[in-house]
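Secondary and tertiary structure notes
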Amino acid sequence: MSELDLIIKRKKSDIGSNEVKKENSETEVKQVVETKDVSKIEGNSTQELNSSNKEDKSPDVKFDKDKSLEIKEKMREFIQKDPKIGVWSYQAFLVLQYLYHTVPSFKMSKVAKEALEKGLSEMYPELFKIATELAKEEKKI
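Residues numbered from 1 in each chain as written. Predicted model: local features only at pLDDT ≥ 70, side-chain atom pairs only at ≥ 80, totals over all residues. Heavy atoms only, no water.

The secondary structure content of the protein chain amounts to six helices and zero strands. From first element to last, N terminus to C terminus, the protein chain shows the α and β order α-α-α-α-α-α. A separation of at least 24 residues holds for 55% of the contacts in the protein chain among residues at least 6 apart in sequence. Accessible surface, the protein chain as shown: approximately 12,200 Å² in total, 57% of it carbon and sulfur. (Helix = DSSP H or I, 4+ residues; strand = E, 2+ residues; numbered from the N terminus. Contact = heavy atoms within 4.5 Å. Areas by Shrake-Rupley, 256 points an atom, 1.4 Å probe, with all protein chains shown as cover.)

Spelled out as structure tokens, the structure:
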């Protein structure tokens, strides 16, 4: 379990079960679409089909918003703390030290910050988006 998963109280088994649930719901949606295509051929109106499609999707959207709010509230607990992070990496250390000693006015902290943010935004795009929104709301960035 990664530290990030620990923070949001999620286990790897939960992640796997969510992926299985997602696959199952995608299968169910395909089945519903196929059924509705058949009923459309039989003469049902497209208006009925559209209204039932909206009903099928609304619970997922609500869940995402609730989860987003839950994550945001958890992150809010940390917003007033000092945002320093320690990292143990020989490769990163060696690259940053080399650049610090060979490039005039090289800012090690700035480069490390940009690299960390870029990596996290690629690895956890939804969490990074929520964190960015919260930091802007709290006028930290």
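As enumerated under the stated definition, the model contains one aromatic pair in all. Between the aromatic rings of Trp 88 and Tyr 90, the centroid separation amounts to 6.0 Å while the plane-to-plane angle is 75 degrees, which identifies the pairing as edge-to-face. The exposure class assigned to Trp 88 is exposed, which follows from its relative accessible area of 76%. Tyr 90 gets classed as exposed once you look at its relative accessible area, which sits at 56%. (Phe/Tyr/Trp six-rings, centres within 6.5 Å; stacked < 30°, edge-to-face > 60°. Buried < 20%, exposed > 50% of the residue type's maximum accessible area, 1.4 Å probe, protein only.)

With 55% of its residues at a pLDDT of 70 or more, the protein chain shows a mean pLDDT of 75. Per-element averaging of pLDDT across the protein chain places helix 2 (residues 12–42) at the bottom with 50 and helix 4 (residues 90–102) at the top with 97. For the stretch residues 32–62, pLDDT sits under 50, and the model shows nine contacts to residues farther than four places along the chain or on other chains. (pLDDT = per-residue confidence, 0-100.)

Here Lys 72 lies in helix 3 (residues 46–76). Sequence-distant contacts of Lys 72, defined by excluding residues within four places in its chain, comprise Ile 130, Glu 133, Leu 134 and Glu 137.

The phi dihedral of Ser 105 falls on the positive side, at around 55 degrees, and the residue is not glycine. Residues other than glycine seldom take positive phi values, yet Lys 139 does so here, at roughly 55 degrees. Assignment of secondary structure puts Lys 139 in the segment after helix 6 (125–137). Since its relative accessible area comes to 72%, Lys 139 is described here as exposed.

With that settled, consider the pattern of salt bridges. Under the counting rule described, the total for this entry stands at eight salt bridges. The salt bridge involving Glu 137 is made with Lys 72; its shortest N-O contact spans 2.6 Å. Taken as a pair, Glu 137 in helix 6 and Lys 72 in helix 3 lie far apart in primary sequence, 65 residues in all. Residue class for Glu 137 comes out partly exposed when judged on its relative accessible area of 44%. The exposure class of Lys 72 is buried, given its relative accessible area of 12%. The residue Lys 113 makes a salt bridge to Glu 117 at a minimum N-O spacing of 3.6 Å. A residue pair is termed a helical-turn pair when its members lie 3 or 4 positions apart in one helix, as Lys 113 and Glu 117 do in helix 5 (residues 108–123) at four residues. A single salt-bridge network, built from bridges that share partners, covers Lys 72, Glu 73, Arg 76, Glu 133, Glu 137 and Glu 138. (Salt bridge = Lys/Arg side-chain N within 4 Å of Asp/Glu carboxyl O.)

In this section: a nonpolar patch on the surface. Taken together, the side chains of Ile 85, Val 87, Leu 116 and Leu 120 present a nonpolar region at the surface, about 370 Å² in accessible area. Locating Leu 116 in the fold gives a position in helix 5. Among the residues examined, Leu 116 registers a relative accessible area of 35% and is labelled partly exposed. (Patch = residues over 30% accessible without salt bridge, like charges linked within 9 Å, V, L, I, M, F, W, Y side chains within 5 Å.)

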